[in-house]
Amino acid sequence: MVIKLWDGFIRSFHWLLVLAIAGLWYTGGNIDYIDLHHRLGVFVLALILTRILWGIFGSESGRFSRFVRSPKAVVYYLKAPFASTWLTHNPIGGWAVILMLAALLAQAVSGLFTDDAIFFRGPLAHLVSQDWVRTLTSFHKQLFDWILVLLALHILANIVYAVRGKNLITPMITGNLKTEKNDLTPPKQVHPGFGFILFAINVTVLFWWLT
Amino acid sequence: MKNTQPARSLTVRVLLASMAGLTLLTGAAVGINTAQASAFTNASDAVEYRQKTFSLIRENFQYMASMVRGERDFDAEMFKTRANTLYHLSHVPFEAFTGAGENATANSDALPVIWENWSDFEAKRDTFQAAVKELVAAAESENMREIRPKFMDTARSCQQCHQGYRAD
């Protein structure tokens with residue numbers, strides 16, 4: 001059977017995030033593009049915040065309550081990771097999503113407090129002491145390396161699953177999961193339009209506030 | 001009265017002489033202190049001098065940045081003034097990079113590697129000063145399209161030196 005797994009909002013979120021992170025990687029640390037880096041960072045912040053809201057109010061497959069599982073469930077899952085079919089993130093993948101979202105959120109927020117000692121000063125840097133600005137600036141530089149490690153692991157895991165016969169990538173593009181099982185209840189979908197409306201509101205408010 | 005006068009003037013003379021001696025000594029002492037401060041044999045003085053002048057450089061650079069980035073209306077006269085001030089300032093902090101001992105002070109962001117790669121540091125300093133000079137010349141054009149690339153050259157020269165020579 002074919003199951004609608006990922007709604008249009010989640011898929012747009014995912015691939016916009018990929019593009020934005022590539023842009024942020026390229027523009028980060030390049031003084032000529034610092035203003036673009038700033039805007040892309042605020043854009044990512046809006047994406048992440050909307051994804052968090054979508055994880056509470058959105059389609060079932062993308063809800064935290066559904067894919068955040070206990071360590072026990074993770075251990076149980078890891079005994080046979082390629083045997084079961086999940087209509088959301090699998091137990092280990094769910095934690096990977098939480099980790100990536102948390103890291104990207106920390107990265108986007110810390111960027112707002114940075115100061116390049118030349119001419120860029122984050123829009124919230126004035127709220128904290130100079131010592132904190134220094135700390136958050138180096139944090140922002142160091143965390144990015146860890147984000148790259150997380151993304152490398154994310155890509156590697158998807159390759160491993162694909163090699164072992166579980167293609168997780170196609171559903172993230174088409175939204176549909178093809179499976180031989182016929183007894184699965186498709187996750188309830190919320191119209192992606194609500195996600196896009198939430199995102200539009202977040203983008204507008206954050207750009208008005210932070211750029 | 002007449003008998004006491006010589007004795008008095010002797011007292012006065014001794015007093016004056018000792019005052020003069022004291023003044024000389026004090027003056028000499030002050031003189032030595034001044035010499036020490038300007039030659040930056042005192043590490044924390046040198047660090048403070050650099051930090052103060054770099055913060056003035058930054059102040060002026062950021063003012064210009066706000067015009068280059070369109071956050072503030074372009075005022076050609078004000079821009080020229082700031083560019084000139086930056087030019088004068090561009091030499092000042094480097095007079096206080098006098099010795100490797102200075103970075104021992106906890107408050108300095110200047111990395112010890114500066115004194116290990118001194119000629120490279122000097123080259124980067126020269127790049128910065130040359131960029132500022134070109135910025136001043138571009139400012140005379142009163143044309144933002146000519147100013148912007150020179151301004152970015154200067155910004156890049158700051159960054160190239162910060163990378164590796166300034167603590168994160």
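Going by an unreviewed UniProt entry, chain A carries the name Cytochrome b561 bacterial/Ni-hydrogenase domain-containing protein and comes from Aliidiomarina sanyensis. As its UniProt record puts it under Subcellular location (unreviewed entry), chain A is described as follows: "Cell membrane".

**A short note on the interface of chain B and chain A**
Facing 17 residues of chain B, the contacting portion of chain A comprises 14 residues. Together, Arg58(B), Arg69(B) and Asp168(B) form the three largest contributors to the area buried by chain B at its contact with chain A, with a combined 42%. Our enumeration of links across chain B and chain A arrives at four salt bridges. A salt bridge links Arg58(B) to Asp115(A); its shortest N-O distance comes to 2.8 Å. Joining chain B to chain A, the criterion identifies seven residue pairs in polar contact (both at pLDDT 80 or more). If you list the elements that add at least two residues to the side of chain B that touches chain A, you get α2 (43–68) and α6 (144–165) of chain B.

**Looking at the UniProt feature "domain: Cytochrome b561 bacterial/Ni-hydrogenase" (unreviewed entry) in chain A**
Per the UniProt record, the feature "domain: Cytochrome b561 bacterial/Ni-hydrogenase" (unreviewed entry) sits at residues 6–175 of chain A. Along residues 6–175 of chain A one finds 69% helix and 0% strand; the C-alpha atoms at either end are 5 Å apart.

Cut-offs used in this document
- Residues numbered from 1 in each chain as written.
- Chains lettered and ligands numbered in written order.
- Predicted model: local features only at pLDDT ≥ 70, side-chain atom pairs only at ≥ 80, totals over all residues.
- Heavy atoms only, no water.
- UniProt positions renumbered as here; feature names shortened; annotations may be inferred.
- Contact = heavy atoms within 4.5 Å.
- Buried area = accessible area lost by both parts, 1.4 Å probe.
- Salt bridge = Lys/Arg side-chain N within 4 Å of Asp/Glu carboxyl O.
- Polar contact = N/O pair within 3.5 Å; in protein donor to acceptor, adjacent residues only side chain to side chain.
- Helix = DSSP H or I, 4+ residues; strand = E, 2+ residues; numbered from the N terminus.

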